[in-house]
Amino acid sequence: MCNFKCESCNAQKAINGKHIPKNAMMKMLEDVADWGSKGICFAGGGSPLLYPYTIETVEKCAELGLESALITNGYLLKGKVMETCVKYMRWIGISV
């Protein structure tokens, strides 16, 4: 899902507006850490910052020892979300 409607973006064709439930996301992160992964990048399908549990997800990555990164259009990168991302993420990419 994205908060913009860019004509050149292919994500708009594949997005149905649904989100991964919070408990499923936390379980996936635990599985990724258990598999020995070192990090995870949130990207694709629009802006990951529209996910309602962004802060909890980023904090869970840190708790599990997973480095995290993000690719976003940057529009929602402010306030508590910005503080959390800057505190815990290895890098943040802004796609324009």
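A brief structural summary. Just so it is clear, the structure is predicted and the values come from calculations on it, not from any experiment.

**Description of the packing of helix α2 (residues 54–64) against helix α3 (residues 79–88)**
Then comes step 1: Two elements in contact, α2 and α3, have axes separated by 10 Å at closest approach and are oriented at 15°. Regarding the angle of α2 to α3, the classification is roughly parallel. Remark: the crossing between α2 and α3 carries left-handed chirality. Contacts between α2 and α3 involve Thr54, Ile55, Val58, Glu59 and Ala62 on the former and, on the latter, Lys80, Val81, Thr84 and Tyr88.
Then comes step 2: Taken together, the residues that form the contact of α2 with α3 break down as 5 nonpolar, 2 polar and 2 charged.

**So, the pattern of salt bridges**
Then comes step 1: Here the structure, examined in full by the defined rule, presents 4 salt bridges.
Then comes step 2: Here Arg90 makes a salt bridge to Glu67, at a shortest N to O gap of 3.3 Å. In this pair, Arg90 sits in strand β3 (residues 89–94) while Glu67 sits in strand β2 (residues 67–72), placing the two residues 23 residues apart along the sequence.
Then comes step 3: With a relative accessible area of 60%, Arg90 lands in the exposed category.
Then comes step 4: Accessibility expressed as a relative area gives 42% for Glu67, which makes it partly exposed.

**A short note on the sheet that holds strand β1 (residues 39–42)**
The strands making up a sheet associate through backbone hydrogen bonding, with each pair oriented either parallel or antiparallel.
Then comes step 1: The strand order across the open sheet built from 3 strands is β1-β2-β3, with neighbouring strands paired in parallel fashion. Both edges of this open sheet fall to β1 and β3, since each of them pairs with a single strand only. Between one strand axis and the next, the sheet turns through 10° on average, direction left out of account.
Then comes step 2: Of the strands in this sheet, β2 and β3 are in contact with α3, which crosses β3 at around 125°.

**Quick look at the nonpolar core**
Taken as a class, soluble globular proteins show a tendency for nonpolar side chains to be buried jointly.
Then comes step 1: Membership of the largest hydrophobic core comes to 15 residues, with the highest contact counts inside it found for Phe42, Leu49, Leu70, Cys85 and Met89.
Then comes step 2: Among the elements of the structure, α1 (22–34), α2 and α3 are those that each provide at least two residues to this core.
Then comes step 3: The dominant element in this core, judged by the number of residues it contributes, is α1, at 4 residues.

**Some remarks on the pairing of β3**
Along any regular strand the residues' side chains alternate between the sheet's two faces.
Then comes step 1: With 5 bridges connecting them, β2 and β3 associate as parallel partners. Opposite Ala69, over in β3, you have Trp91 as the bridge partner.

**Thoughts on the packing of α1 against α2**
Packed helices, taken two at a time, are described by their axes: the angle between them and the distance between them.
Then comes step 1: Where α1 meets α2, the closest approach of the two axes is 10 Å, and the angle between their N-to-C directions is 25°. Compared by their axis directions, α1 and α2 come out roughly parallel. In the packing of α1 onto α2, the handedness of the crossing is right-handed. Contact with α1, carried on its side by Lys22, Met25, Met26, Leu29, Glu30 and Ala33, involves Glu56, Thr57, Lys60, Cys61 and Leu64 of α2 and no other residues of that element.
Then comes step 2: For the contact of α1 with α2, the per-class residue count stands at 6 nonpolar, 1 polar and 4 charged.

Each value, and the rule that gives it
- Residues numbered from 1 in each chain as written.
- Predicted model: local features only at pLDDT ≥ 70, side-chain atom pairs only at ≥ 80, totals over all residues.
- Heavy atoms only, no water.
- Axes fitted to C-alpha atoms, helices over the stretch in contact; angles between N-to-C directions.
- Helix = DSSP H or I, 4+ residues; strand = E, 2+ residues; numbered from the N terminus.
- Parallel < 35°, antiparallel > 145°, perpendicular 65-115°, else oblique.
- Left-handed = near helix turned anticlockwise from the far one by under 90°.
- Contact = heavy atoms within 4.5 Å.
- Nonpolar A, V, L, I, M, F, W, Y, C, P; charged D, E, K, R; others polar.
- Salt bridge = Lys/Arg side-chain N within 4 Å of Asp/Glu carboxyl O.
- Buried < 20%, exposed > 50% of the residue type's maximum accessible area, 1.4 Å probe, protein only.
- Pairing = 2+ DSSP bridges.
- Core = buried A, V, L, I, M, F, W, Y, C linked by side-chain atoms within 4.5 Å.

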